[in-house]
Amino acid sequence: MAHGPPLKRISQVVSWLPANAVATTVLDVAMWRNLEELSPVLNVVHPRPVEYDVPLNGIVNAIRDILGTNLSIVSYDQWLTTLEAQTEKATLDTLKSIPAIKLLGFLRRNAAGGLPNKFSLDTAQSISASFKLWVKYWNLTPV
């Protein structure tokens, strides 16, 4: 079985949404009767975030089962150190094959302080009936 590059483990939660939930909400916002009254930013995130390892383990298992490639999971610090080492000898080809190098500054800041994981969904729910139903479903679903 082939081995791929390591994936990073992050001690944070993720609030990802399925693409269809986001797409429907975007359409609802675009069709909103008075766009001028909207906030310039809407939080369209999952109302019940999960630990990062939950989707990551699913991704690792799917890649192993479908592609026959094993991926290891390493700490964020170890992953960032490996990425930083790649920058010392980076070429144009390296930048193309490891695009995360271009985000190194952001990744360092993320490692230092993390990202927010709690968002207000009230405005997005008031605009998008489908998003409101989706949030309601997850708020009613037992953990």
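Residues numbered from 1 in each chain as written. Predicted model: local features only at pLDDT ≥ 70, side-chain atom pairs only at ≥ 80, totals over all residues. Heavy atoms only, no water.

A. Molecular detail of the overall build of the chain. Counting its regular elements, the chain contains seven helices and six strands. Mapped in sequence order, the helices and strands of the chain form the string β-β-β-α-β-α-β-β-α-α-α-α-α. A globule of 143 residues ought to have a C-alpha radius of gyration of about 15 Å, yet the chain, at 19 Å, is considerably larger. With the C-alpha coordinates aligned to their principal axes, the bounding extent of the chain is approximately 55 × 35 × 25 Å. Across the 143 residues in the chain, those meeting the buried criterion constitute 27%. Considering only intrachain contacts with a sequence separation of at least 6, the fraction spanning at least 24 residues in the chain is 77%. For the chain, the exposed surface amounts to about 9,800 Å²; the carbon and sulfur share of it is 59%. For the chain, the distance from the average site of its 13 positive side-chain charges to the average site of its 11 negative ones is 2 Å. (Helix = DSSP H or I, 4+ residues; strand = E, 2+ residues; numbered from the N terminus. Rg over C-alpha atoms; globule rule 2.2 N^0.38 Å. Buried < 20%, exposed > 50% of the residue type's maximum accessible area, 1.4 Å probe, protein only. Contact = heavy atoms within 4.5 Å. Areas by Shrake-Rupley, 256 points an atom, 1.4 Å probe, with all protein chains shown as cover. Lys, Arg positive; Asp, Glu negative; His and termini not counted. Charge placed at Lys NZ, Arg CZ, Asp CG, Glu CD.)

B. The confidence of the model for the chain, seen in detail. Put simply, the chain has an average pLDDT of 81, and 90% of its residues get 70 or more. Model confidence for the chain, summarised as mean pLDDT per element, is weakest for strand β1 (residues 2-3) at 60 and strongest for helix α2 (residues 53-67) at 89. (pLDDT = per-residue confidence, 0-100.)

C. Just the side chain of Thr25, in detail. Relative to the helices and strands, Thr25 is located in helix α1 (residues 19-30). Setting aside chain neighbours within four positions, we find Thr25 in contact with Val44, Ser128, Ser130 and Phe131.

D. How the structure looks around the pattern of salt bridges. Tallied over the entire structure, the rule returns two salt bridges. Between Arg64 and Asp65 there is a salt bridge; the shortest N-O distance is 3.1 Å. Classification of Asp65 as exposed rests on a relative accessible area of 55%. Arg108 is the salt-bridge partner of Glu84, the closest N and O atoms lying 2.8 Å from each other. With a gap of 24 residues between them, Glu84 in helix α3 (residues 76-88) and Arg108 in helix α5 (residues 104-113) connect regions that are remote in the sequence. Arg108 gets classed as partly exposed once you look at its relative accessible area, which sits at 42%. (Salt bridge = Lys/Arg side-chain N within 4 Å of Asp/Glu carboxyl O.)

E. Structural detail: the nonpolar core. Residues Tyr52, Tyr76, Trp79, Leu80, Leu83, Ala100 and Leu107 are the most contacted members of the largest nonpolar core, which totals 13 residues. Counting residues per element, this core draws most heavily on α3, which supplies four residues. When residues no more than four places from it in sequence are discounted, the contact partners of Leu83 are Ile98, Ala100, Ile101, Leu104 and Leu107. Core analysis: the second largest hydrophobic core is formed by eight residues, Leu17, Leu121, Phe131 and Trp134 among them. (Core = buried A, V, L, I, M, F, W, Y, C linked by side-chain atoms within 4.5 Å.)

F. Structural view of the packing of aromatic side chains. Across all of its chains, the model carries two aromatic pairs by this definition. With a centroid separation of 6.2 Å and an interplanar angle of 75°, the aromatic rings of Trp16 and Tyr52 are classed as edge-to-face. Here Trp16 is found in the loop between β3 (13-14) and α1, whereas its partner Tyr52 is found in the loop between β4 (50-51) and α2, with 36 residues between them in sequence. Its relative accessible area of 13% is what places Tyr52 among the buried residues. (Phe/Tyr/Trp six-rings, centres within 6.5 Å; stacked < 30°, edge-to-face > 60°.)

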